[in-house]
Amino acid sequence: MKDLIAPHRSLCIVGNAKNAGKTTVLNALVQALPDVPLGLSSIGLDGEDLDTVSFLPKPRIQLPPGSLAATAADCLQEATAACEVLEDTGIRTALGNILILRVTGAGNLLLGGPSTTRGMDLALQALARHGAQKLLIDGAFSRQSHAMAGEALVYVVGAHQSPLMDRVVDSAALALQVFDLPAADPRHQFLKDQGQAGWLDPEGVFHPLGFASVLGQAEGLLSRLPREAAWLYVPGALDGALVKVLVKARHEARFDLIIQSPLSLVMPDEQLKKLFLLKRDIRVLSPLKVAFVAFNPISPAGHAFDSADFRRALARKTRLPLINVLEESL
């Protein structure tokens, strides 16, 4: 499976739930690349013994000598790996400034990286300056925006999301449908620099609506769009409230949607299903690429799925490579 990750200079690890198995996948990726200078960071706190929300045991992040990490200063107190500080980036977090470290002695490290996409971009640039050739980013389940910092993502589907395998599989299929949203037409790329929501007419002329976010604007939004509106551009998050309005007006409002990225769709699965049932053309300015799906049939809460059954169920929903990193070599 090295061939799947070889084309990508940076990989982000996204999970379907807390305790999905992201750290286990991260460790497997590190082991699969012993001869590649690695740079690691996290947009959440990863590598602690117990999950800070669920208090369930977690695997430690194991870094070999020569690897690099971008992590907050206070995280060094928990490190068993010997580290050399190469740079203080000046990126602030609640755990201190983000430091660039080189591991000089094998051991574990607690990763607490930047909490914003901009901060992550700067941290990754610093890791690259110090020689990292492959960048791996782990992250908090509640903040998937870090996925946009990488060239591709690894989606981790863990049994911990639900004791019902069908529910986990259906939710994963929906997420993969979101990740696979197609790129916007090149003539619409100018919207990346447009901070306001607005609509485009059939000739592609942009008409701003006067506000940056559609959150809280759903009810009155449609009344501000003329019949000739071909596209609605949403620069930030698109939530379930707007979906409810679109469902209600599905026979009158026929415009399509342009959003910044697949991760701009912020809503529960049930609302996502309704959005896709509308059969609107949904285009993204920054598309995502999924390198592979890592599945974890064991939940730390105690329930487990049969690994072969879980693989077959997922394979019916996606053609992406499916890997159980505890059973297979990358």
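Preceding this section is the structure that the text describes.
Residues numbered from 1 in each chain as written. Predicted model: local features only at pLDDT ≥ 70, side-chain atom pairs only at ≥ 80, totals over all residues. Heavy atoms only, no water.

1. Describing the overall build of the protein
Part 1 of the reasoning: Across its full length, the protein carries eight helices and 20 strands.
Part 2 of the reasoning: Radius of gyration (C-alpha) of the protein: 21 Å, near the 20 Å computed for a compact globule of 330 residues.
Part 3 of the reasoning: Projected onto the principal axes, the alpha-carbon positions of the protein cover approximately 65 × 45 × 35 Å.
Part 4 of the reasoning: Within the protein, the proportion of its 330 residues that are buried is 53%.
Part 5 of the reasoning: Here the analysis covers contacts within the protein between residues at least 6 apart in sequence; of these, 73% occur between residues at least 24 apart.
Part 6 of the reasoning: A gap of 4 Å separates the mean positions of the 32 positive and 33 negative side-chain charges of the protein. (Helix = DSSP H or I, 4+ residues; strand = E, 2+ residues; numbered from the N terminus. Rg over C-alpha atoms; globule rule 2.2 N^0.38 Å. Buried < 20%, exposed > 50% of the residue type's maximum accessible area, 1.4 Å probe, protein only. Contact = heavy atoms within 4.5 Å. Lys, Arg positive; Asp, Glu negative; His and termini not counted. Charge placed at Lys NZ, Arg CZ, Asp CG, Glu CD.)

2. Quick look at the packing of helix α6 (residues 240-248) against helix α7 (residues 269-277)
Part 1 of the reasoning: Look at α6 against α7: their axes get within 10 Å of each other, and the N-to-C directions meet at 40 degrees. By the angle between their axes, α6 is oblique relative to α7. Where α6 crosses over α7, the two elements pack in a sense that is left-handed. Residues Gly240, Val243, Lys244, Leu246 and Val247 of α6 form the contact with α7, whose participating residues are Gln271, Lys274 and Leu275.
Part 2 of the reasoning: Grouping the amino acids of the contact of α6 with α7 by side-chain chemistry returns four nonpolar, two polar and two charged. (Axes fitted to C-alpha atoms, helices over the stretch in contact; angles between N-to-C directions. Parallel < 35°, antiparallel > 145°, perpendicular 65-115°, else oblique. Left-handed = near helix turned anticlockwise from the far one by under 90°. Nonpolar A, V, L, I, M, F, W, Y, C, P; charged D, E, K, R; others polar.)

3. Things to note about the pattern of salt bridges
Part 1 of the reasoning: Under the counting rule described, the total for this entry stands at seven salt bridges.
Part 2 of the reasoning: Note that aspartate 185 is salt-bridged to arginine 187, the shortest N-O span being 3.7 Å.
Part 3 of the reasoning: A salt bridge links aspartate 309 to arginine 312, with the shortest nitrogen-to-oxygen separation between them at 2.4 Å. Here aspartate 309 pairs with arginine 312, and both are found in helix α8 (residues 307-315), just three residues apart, close to one helical turn.
Part 4 of the reasoning: With a relative accessible area of 34%, aspartate 309 lands in the partly exposed category. (Salt bridge = Lys/Arg side-chain N within 4 Å of Asp/Glu carboxyl O.)

4. Re the packing of aromatic side chains
Part 1 of the reasoning: Scanning all chains against the criterion turns up five aromatic pairs.
Part 2 of the reasoning: Centroid distance tyrosine 155 to phenylalanine 179: 5.1 Å. Interplanar angle 85 degrees. Geometry classified as edge-to-face. With a gap of 24 residues between them, tyrosine 155 in strand β11 (residues 152-158) and phenylalanine 179 in helix α4 (residues 165-179) connect regions that are remote in the sequence. Each member of the pair, tyrosine 155 together with phenylalanine 179, is buried. (Phe/Tyr/Trp six-rings, centres within 6.5 Å; stacked < 30°, edge-to-face > 60°.)

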